[in-house]
Amino acid sequence: SVGEWIIIANVRLRFYDADNSSEPMSILANGNVGIGNINPVSKLTVSASSSTANSEISVGYDADNRGMITYLPADDRLGFGTRDSGTNYFDVMSVYQGKVGIGITDPTAQLEVKSHTTAATSGIAVQNNNGYGYAARMYVDGGDGHFELYVGTNTTTKKVHIASYGDTYFNATGTGRVGIGTAI
């Protein structure tokens, strides 16, 4: 059996599964489309099979490699992530209780970034658009927190550098030569 379409005049187009036992998709007269939902409240409403199941929209070339937007009702969280070689990475970006987390699923600040490494390549970086590297970075390297601002054509021209754990606490180079806690 192949299921069927039923048009209810001026109400909706209903799509039934093969045994006509459920309606997995419908299109209302106002143009709203429901997948897993017979009364969509927006142009596209995707609903899971129960209030505890995740609702997901994914884009990719196969089931094991794709990008995903997932609503996780157990956490009341919207997750943006990927599936790479069969492993889900839901914590690429999360929206939870009005807060945004990158690398963390339950942010406690309006924007919280958590790195999965302590290398100098982790953290937050603002790139120059001239191809010469960073304009600013905040990162953790080996347990030390760093905040750096750069100027000029490369990242060796630091203008401000603040560090922690006995390292530099503030310095500025260039014409303003300032050093607090360290010589320049």
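Before reading further, recall that the structure is shown in the block above.
These numbers were taken from a predicted model, which means no experiment stands behind them. (Residues numbered from 1 in each chain as written. Predicted model: local features only at pLDDT ≥ 70, side-chain atom pairs only at ≥ 80, totals over all residues. Heavy atoms only, no water.)

**Thoughts on the overall build of the protein chain**
Per the secondary structure count, the protein chain includes zero helices and 17 strands. Burial status across the protein chain gives 24% buried among its 184 residues. A separation of at least 24 residues holds for 2% of the contacts in the protein chain among residues at least 6 apart in sequence. Summed over all atoms, the accessible surface of the protein chain reaches about 11400 Å², with 57% contributed by carbon and sulfur. (Helix = DSSP H or I, 4+ residues; strand = E, 2+ residues; numbered from the N terminus. Buried < 20%, exposed > 50% of the residue type's maximum accessible area, 1.4 Å probe, protein only. Contact = heavy atoms within 4.5 Å. Areas by Shrake-Rupley, 256 points an atom, 1.4 Å probe, with all protein chains shown as cover.)

**Some points on the pairing of strand E3 (residues 25-28)**
Where burial is concerned, the two faces of E3 differ: the one with Ser26 and Leu28 is buried and the one with Met25 and Ile27 is not. Bridge count for strand E2 (residues 12-15) against E3 is four bridges, and the pairing is antiparallel. Each residue of the ladder has a partner; that of Leu13, found in E3, is Ile27. By the bridge criterion, three bridges tie E3 to strand E4 (residues 33-35) in an arrangement that is antiparallel. Looking at E4, one finds that Met25 is bridged to Ile35. Counted along the chain from E3 to the antiparallel partner E4, the turn is four residues long, and its residue Gly31 has a positive phi close to 95°. (Pairing = 2+ DSSP bridges.)

**What about the pattern of salt bridges?**
Applying the stated criterion to the full structure yields five salt bridges. Of the charged contacts, one joins Glu23 and Arg12 as a salt bridge, the two residues approaching to 3.2 Å between their closest N and O atoms. Within this pair, whereas Glu23 is found in the loop between E2 and E3, its partner Arg12 is found in strand E2, the two being separated by eleven residues in sequence. Given the relative accessible area of 12%, Glu23 is considered buried. Note that Arg14 and Glu23 form a salt bridge whose closest N and O atoms lie 3.0 Å from each other. In the salt-bridge network here, residues are joined through shared partners; they are Arg12, Arg14 and Glu23. (Salt bridge = Lys/Arg side-chain N within 4 Å of Asp/Glu carboxyl O.)

**A closer look at unusual backbone geometry**
Phi angles above zero are rare outside glycine, and Asp76 is one such case at about 50°. Within the element layout of this structure, Asp76 appears in the loop between strand E7 (65-72) and strand E8 (77-84). At Gln97, a residue that is not glycine, the phi angle is positive and equals roughly 50°. With respect to the element layout, Gln97 can be found in the loop between strand E9 (87-96) and strand E10 (99-102).

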